[in-house]
Structure formats: structure tokens, C-alpha cells
Amino acid sequence: MSSVRPVPLCDLQPQYQALKAEIDSAVDRVLASGQVILGPEVAEFEREVAQFCGAAHAVGCGSGTDALSLALGALGIGPGDEVIMPPFTFFATAGAVLRCGARPMFVDIEPDTFNINPALVSRAITPRTKAIMPVHLYGQCCDMEELWRLAERFDLPIIEDAAQSFGSDYQGKRCGSLGSIACFSFYPTKNLSAYGDAGMVTTSDPDWADRMVTLRVHGMKPKYYHGMVGWNARIDAVQAAILRVKLPHVEGWIRQRIAAADRYDTLFQSRGLEGPLVTPVRRPNRLHSFNQYVVRVRDGRRDGLIERLRAERIGYEIYYPLPVHLQKCMAQFGFQPGDFPVSEQAAREVLALPIFPEITAEQQARVVNACAAYLGAPMKKSA
Ligand SMILES: *Cc1c(COP(=O)(O)O)cnc(C)c1O
């Protein structure tokens, strides 16, 4: 088996090789300029991202986590406040809320899209609710129509956690313009990826944008005068310059991701694996950018399938094996297994398979063959 070439979950090499000359010259330009934090590269990148997303303002920051914290800070959310979010997300969504002293109020997800179930949101709203924070998981937008209605009815801002959905859209509007403030991550596995940590917030409200610009530099405005307590959430100019090289390619890369997802769907169907394995559901009127291609593996067979993938050197990941409400650090809130059953079942069944823009048909065939070899076999009787 060791002679078989691995199929990585995500391969950053093809993108780097294709753009190496441009990336190198962007890095050289920044180093030669001496302006390595914020500055004109960052300002240009912010302008380009704002335009790309259809938002009036974009503020670059150190990471997606910084982006979430800046959004919460701009809205003045803190101790005693509650923020509505799904428990089935990367921990950062909840972590940012906890770090600012507020409390995450969890709402279970839809079983097919893995996104927050808007039908369950209104019962989680209390007089202390200060925002709704939907997460566009894996690259597909939440049901915004319903969330917009709730936001309007209860007069609540929406903070999009769009870390996995740069370039995704909903009814033709891109993530970053679907709520009050949107938060992006440029972590290396995301749709637009830096060579290190970086993030961005977008908004169409000039006052919130202004607050985030100030919070990003310790709440400092003017220099060495602090009207607010911020922190260091700055973005490096090198990352901004590299991201500017990549930004014009994102739409094309997303088209390639979608083509790869189409191919997986077709292959799994033709092998008759729809049943033990559930391929990703795509809702109409939204562009799923397939930052991840996540299947459900039914009947407790995920561990067995993983063993097979490992033997064949195929990458995989579980996003996420334990919902946030059951994390050890959340014990103080007293959540129990069964509190958010749809999230808990998803955590037991989801499996992310290799996807990246340049994945080849041959690599995908190997993934599907490995799944078929295991799932096509008759189920072992368990005790
Ligand atoms: C990646 C991610 C984040 C955090 O982004 P960082 O840049 O790693 O801080 C937040 N939320 C979600 C849903 C993510 O996938």
C-alpha cells in the first residue's frame, strides 16, 4: 500500500506553483517598502474584498477569530448579553462570544445542510439577545430569508460567520453582504487562503466599520489615545499582498470545487452508495462553494470507512467530532447529551473527503473506490 500516492484532503501546492512568480514579487514589494503591517497593501486589499462581497467597508485583521471578536466589539456585545448560534461549528464561533463575556445560545441545525435551523431560532430569543450569528458551514449559506425576517422582527443584528464561505452566495448576493457584519478567515484551508493567519470583516455600516478599525489597534484613535479597549488584531501587509494575487482567481477556483463536487455526486450515485453514504445537499438559490465536501456515513460505519481511507492513504477529516455545547470548557453551562440531537448525530456521522480546486478525476475515483470497497461490502453484524 505504501507505494500508492496519497490523496491529500487539501493540496495547496498546485495553487502555489501556478502563482509562485506573482506571489514572490508581491512579497518582495512589501519587504522592500518597509511597511509590513497594515498600510497601502492592506487598504487596497480591503477595497477589493469589499467590492467582491458587495459591502461598503472591509477591515482586514489577524484571523477569522479576530474578525468575530471585532464584530462583537463593534456591536458592543459583552457580559450579560446572549448571542444565538449553532452548536455544530468550529469552536471559534462560540469562543469569541465567551471571550467577550457574553453567552452563546445554541440553536440546533438542519439535518440536511448542517446549518442553523431558522425555525428554532425564535424560541431562543430573550430580552438579553444581542445578535444572531449564523455559520455558513462547509461553503453553503444559511437560510437567510428566514433569519432576515427574525432579525427584523426582533430588531437584532446578524453576524455572519462566513469563515468557510468566501465567494459563496445567496439569491445572487455574496457572503459578506448578507447580514450586519460578516467575518472571514484566510486560514490556509479556506477558499481564499493566506500563507499564515489572516482575516477580514465586512459591513455596510460606516460607524461599525470605524469601530472595528479602531478596535483592531487597541481602541486607539488618535495615536496613543484610547477611547475603547481593543487589542492587536492587525493583518500583515505580506499576507494582504499575497491575498491580492489570489483574489482574482477565487471565482475560478470555486467553479473547480463545484465541478469536483458534481463529479463525486455522480460517482457515488453510479456506485449505488447513496444510502449508506449521504452526499451533500445543495439548496436552490445559493451557490455552495464546497470549501468542504462533507458526506454523512450512516449506521455507525464511519470508523470502518476511515480505517479503509487510511489504508489507502486518502485524506479525510471530521468537522466536527464534538458539538460545542458538549466541550469540556462548556461544563459550567450544564448542557447534556441529547440537548441538540441533530448536531450530535451530525458529529457522529460527518466525514470530509478530499476537495480542492485542482483535485483530479483520478484522485476522486480513488476516493470513491475506497468508499465503495468498504460500504459496498455487506455490513458486519455488531453485537
Ligand atoms: C476557520 C474558522 C474560524 C476561525 O478562523 P481563524 O482564521 O482560524 O481564526 C471561525 N469559524 C469557522 C466556522 C471557521 O471555519
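As the structure is a prediction and not an experimental result, all values here were calculated from the model.

Student: Explain helix 5 (residues 144-154) here, please?
Tutor: An α-helix turns once every 3.6 residues. As a result, residues three or four positions apart point the same way. By the burial criterion, the buried members of helix 5 are M144, L147, L150 and A151. Down the axis of helix 5, the smallest arc covering the buried residues is 120°, so these residues share one side. Along helix 5, exposed side chains directed more than 90 degrees from the buried face belong to E152 and R153. If you follow the buried residues of helix 5, they end up packed against strand 4 (129-132) and strand 6 (169-170). Once helix 5 ends, the next one or two residues include D155, with phi positive near 55°.

Student: Looking at this structure, how should I read helix 4 (residues 92-99)?
Tutor: In terms of burial, helix 4 is a largely internal element, six of the eight residues being buried. On the buried face of helix 4, the contacting elements are helix 3 (64-74), strand 2 (82-85), strand 3 (103-106) and strand 5 (159-161). Backbone geometry just downstream of helix 4 places G101 in the positive-phi region, at approximately 95°.

Student: What is the right way to read the packing of aromatic side chains from this model?
Tutor: Each aromatic ring pair is summarised here by two numbers: the centre-to-centre distance and the angle between the ring planes. Tallying each qualifying case throughout the model produces 17 aromatic pairs. Measuring from ring centre to ring centre gives 4.9 Å for F52 and F166, while their planes differ by 5°; the resulting arrangement is stacked. Separated by 114 residues along the polypeptide, F52 in helix 2 (residues 40-53) and F166 in the loop between strand 5 and strand 6 bring together distant segments of the chain. Assigned by exposure class, F52 and F166 land together as buried. Look at F333 and F335: their rings are 6.4 Å apart centre to centre, the planes differ by 45°, and that puts the pair in the tilted class. By relative accessible area, F333 is classed as partly exposed at 22%. Here the aromatic residues F45, F52, F166, F184 and F186 are joined through ring pairs into a cluster of three or more. Looking at R174, its charged tip hangs above the ring of F52, at a distance of 3.9 Å from the centre. When the ring centre of Y374 is taken as reference, the NZ or CZ atom of R301 above it lies at 5.0 Å.

The rules behind the values
- Residues numbered from 1 in each chain as written.
- Predicted model: local features only at pLDDT ≥ 70, side-chain atom pairs only at ≥ 80, totals over all residues.
- Heavy atoms only, no water.
- Buried < 20%, exposed > 50% of the residue type's maximum accessible area, 1.4 Å probe, protein only.
- Helix = DSSP H or I, 4+ residues; strand = E, 2+ residues; numbered from the N terminus.
- Arc of directions from axis to C-beta.
- Contact = heavy atoms within 4.5 Å.
- Phe/Tyr/Trp six-rings, centres within 6.5 Å; stacked < 30°, edge-to-face > 60°.
- Lys NZ or Arg CZ within 6 Å of the ring centre and 35° of its normal.

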